[in-house]
Amino acid sequence: MSEKRPLLHYRLTASTCSEPRDASKHSGTKAGRGGRRSDDKPARKLGVVFGVVVPTLLSMFSVVVFLRIGFVVGQAGLYQSILMFLVAYFIITMTVLSVCAISTNGALDAGGAYYMISRALGPEFGGSIGIMFFFANVCSSALYVLGLVEAVMSTFGIPEEGVAGPHQVLPSGYWWSLLYGTVLLFLCFIVCLVGAHIYAKAAFIVFIIVTTVLVSVFMSFFIMGPIVVILPETSSWNSTSLNTANYSGFQLHTLEGNLLPKYTVDYTTGAMMSFVTVFAVMFNGCTGIMAGSNMSGDLKNPSYSIPRGTISAVLTTFITYNLLSLLIAWSCDRHLLQRDYSFLGDINIWPPMLTVGVYSSTMSAAMSNLIGASRILYALSKDNLFGGVLALAKKTSRSGNPWASVLVSWLLIQVVLFTGKLNTIAGIVSIFFLLVYAAVNLACLALEWASAPNFRPSFRCFTWHTCTLGIIGCLLMMFLINAIYAFASIAFMLLLVMLIHYLGPISNWGYISQALIFHQVRKYLLMLDVRKDHVKFWRPQVLLMVANPRSCTGLMTFINDLKKSGLYVLGHVKLGSLDRLPSDPLRSSYVSWLSLVDHLNIKSFVNLTLADSVQQGVQNLLFITGFGGMRPNTLVLGFYDDHTPEDHLQGKILLSTGHGMDTASPSIDPREQRSPSFPSLRGTDEPKDLQEEEYVSVIADAVKMGKNVTLARYFNQFNREEVLGSGRKIRGHRSKTGPFVDVWPLNLLRPDSHGYVDVCSLFLLQLASVLQETRAWSQARLRLFLCVEAGCSLKKEEETKLQVMLKELRISAQVQMVAWDQVVALHWQRQQEEAAKEDGIQEFPSTPPQLADEYICAVNNLIRRHGAPQPAVRFLYLPRPPADTSHYHAYLHHLDVLSQNLGPTLLIHGVTPVVTTDF
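I will try to describe carefully the structure that is included in this document. (Residues numbered from 1 in each chain as written. Predicted model: local features only at pLDDT ≥ 70, side-chain atom pairs only at ≥ 80, totals over all residues. Heavy atoms only, no water.)

The next subject is the pairing of strand S14 (residues 905-909). The buried count for S14 comes to five of five residues, which makes it a mostly enclosed element. Of the two faces of S14, the one holding Thr905, Leu907 and His909 and the one holding Leu906 and Ile908 are both buried throughout. With five bridges joining them, strand S7 (residues 708-713) and S14 adopt antiparallel strand pairing. Paired with Leu711 across the two strands is Leu907, which belongs to S14. Bridge count for strand S13 (residues 873-877) against S14 is four bridges, and the pairing is parallel. Each bridged residue has a counterpart across the sheet, and for Tyr877 the counterpart in S14 is Ile908. Considered for its hand, the β-α-β crossover made up of S13, helix H29 (residues 888-898) and S14 is right-handed. (Buried < 20%, exposed > 50% of the residue type's maximum accessible area, 1.4 Å probe, protein only. Helix = DSSP H or I, 4+ residues; strand = E, 2+ residues; numbered from the N terminus. Pairing = 2+ DSSP bridges. Right-handed = clockwise from strand over helix to strand, strands pointing away.)

In terms of nonpolar packing, the biggest core is built from 155 residues, with Phe221, Met290, Ile328 and Cys332 touching the most fellow members. In terms of residues, this core owes the most to one element, helix H4 (residues 69-103), which gives 19 residues. Core analysis: the second largest hydrophobic core is formed by 56 residues, Trp538, Trp593, Leu767 and Ile811 among them. (Core = buried A, V, L, I, M, F, W, Y, C linked by side-chain atoms within 4.5 Å.)

Moving on to a nonpolar patch on the surface. Residues Val215, Met219, Phe222, Ile223, Ile349, Trp350 and Val356 make up a contiguous nonpolar surface patch of roughly 690 Å² in combined accessible area. With four residues, the single largest contributor to the nonpolar patch is helix H8 (residues 196-223). Along the polypeptide, Phe222 turns up in helix H8. The class for Phe222 is exposed, based on a relative accessible area of 61%. (Patch = residues over 30% accessible without salt bridge, like charges linked within 9 Å, V, L, I, M, F, W, Y side chains within 5 Å. Areas by Shrake-Rupley, 256 points an atom, 1.4 Å probe, with all protein chains shown as cover. Salt bridge = Lys/Arg side-chain N within 4 Å of Asp/Glu carboxyl O.)

Now for the packing of helix H6 (residues 123-156) against helix H14 (residues 352-383). Each pair of packed helices can be summarised by the angle the axes make with each other and by the distance between the axes. One can describe the packing of H6 onto H14 by two numbers: an axis separation of 8 Å at closest approach and a directional angle of 160°. The angle between H6 and H14 falls in the class roughly antiparallel. Handedness of the crossing formed by H6 with H14: left-handed. Within the contact of H6 with H14, the residues separate by chemical class into 19 nonpolar, nine polar and no charged. (Axes fitted to C-alpha atoms, helices over the stretch in contact; angles between N-to-C directions. Parallel < 35°, antiparallel > 145°, perpendicular 65-115°, else oblique. Left-handed = near helix turned anticlockwise from the far one by under 90°. Nonpolar A, V, L, I, M, F, W, Y, C, P; charged D, E, K, R; others polar.)

The structure is reproduced here in structure tokens:
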């Protein structure tokens, strides 16, 4: 027997044994861009055997069964070989259970792993895994073509040294090998271009050939007697080794010599073998479990065929591998196993039989990867995740064959063939496949954890434990094969996830993240017990009532800073009655509100209601907004005045949808888009929907319900970017300090009240402090104004008391004493006049009629005089509304005069304790 080189060498044995991908015609989708109508779908004809079992067996066997079994047994011994198969198939089985579960949860379209992952985890993960799956198939196809060229050249190529045999007639060299690879790839291309039905027939023929070769291998162990095998030509590090080895037949001493491991230097690479390296090589040959699921587009009943066919194929290969390992260990010398990976051909009853098996299985693997890559590319293009980049790949023939995707895949594989050597690519390809398997396990785990009612697969032989073990096993194998490639592949996947997240279109597949978030939020909301609330952990939870968002974007962004990671809800009341309407008028506008939230980059919820009056609508929102312990505790209203609203959204574009504010917002049903996103602002002469008495009644209702109330005025003048810029220009110079926030904690409309430490004033201080603690306002400086009479003996005492209180409350503020003798004198003068006119004592001494406009104007001037430099916002004390509704007009008038021309101002009334000095 002449000398021979190792068939396919170790380079191919270390590569990924990839599986036949989706070889079907794409089944098409409903009528739409790039798709085919549902009634034009090609007929699904494949069943369990031809659709799942055959592709999976071919994928898992491939050249592994012929070239790697002897390597594994020779290095690791029989005991460790069986242990390796048990561990490998345990990992594989966990993934198979996840595949079976997802495949039996509803209709499964063409696309295989990509379809399952994208529809379960969303477009980001699905698209990134799909791209990786595509490139893995492209590189695998090129890898098998080059491996087949090497196998052909080892048998028929003219050797560089020595005398050529009669059958060695093919010229050798890089360009000749490239030519042979191009021809073989072109043959695969022609088959895939014709259609999947040709590939299915070819795959069945290959399956018959591989099965025949396997039968001949098993028969050879029982028929062939002891022979001496001439080993392949060795390299310099093995030059002293023996050139022959023995096939002893079934001998007990041979079995005993092969039971234990004996790791040595690999004769093809010169690398020292170990348990990890041998296990990595062996595990690559056990993959290919998703070949059947990738045929989902051609299966009559995917939910029935995939579980049964995949499990049957996995069980068959497991038994075959272990039985073959036992026969090899029982009959082959250890030296033969370690020095000749193609020894099964030497001991075969007809030696060329092994060569036929290797050729056919390798050609089948190359062809299946080509057709699989084209189907994945076609599915990606149909889903339009990458815009117009993949538009060409959508084109199909009349029969539904995606010829454009086949063409693109073929060209990419041809480019990879020019590299000639795929040692580095082979490792990362196998890692790509493992990452896909890990993603399938993750998809099944996420669906299980989300507890979605619609996730009820008919295959129930899985739990979250099996999914977790599958993920851990796949990730562990990735890092065992090559840690650098594993990190690189994960980084590449995360990069694709971010690109699709920010650049890809919004899909209607559903997002598993939303289901998981819902599941966790519900659980934690149930744990949020209002009975365990404590003042130490109080935070503002705001309901901001918005009449028309066009005029209050400044206020919406400011309240977003004020919420201090608390609940923030945008509320809106639409006047009307559902009894007199054909459908809910708020449904179509809800998307526009959410788009506005995205446009303003604020963290808020939206709650819309329909009511006969604004007062009734606000009551409804205060009653029902929130869940459990997460409910609004503070109501924010815009100020009621005669100011003509300004449109701050005119011509702006919604960032989340790309639609203008003045156009109809997108919704699920375009027929519901009958009105603009937000109505136009009212004109100067148009009446308001809310009258003065009803406005004050809303404030009174909120106080009755135990809600804090804040009235916001002049926030149409608030520009967050200017206020929080890198510096504020003052008289032509740029200030190095942050904006000022002025706080007036005294009830200025009731100067006869004494002290600054009541619930409302402390609430006002707390809100100002909360604003300063936010990151954007961290440079803001609080100015606290203490109004005292110049001749008061308690002036110094009051200041000291206030400073001590601020220190205990950990509030950093600059205290300024304000003498207001002349101002308060106006109030006492009016009080004396009222006392002279009335003998009785009023039931409500804080009612507005007791105050004169002269006094309130003086207070307003006092506030403006002490407002240099101009503050970004002022915090004023808001008195409680009067109990007598006849005084509502005067109450609102006094608030109007008090806050006139003060710039952005918050009038605040607090009813709940919010600060504590305890730790």
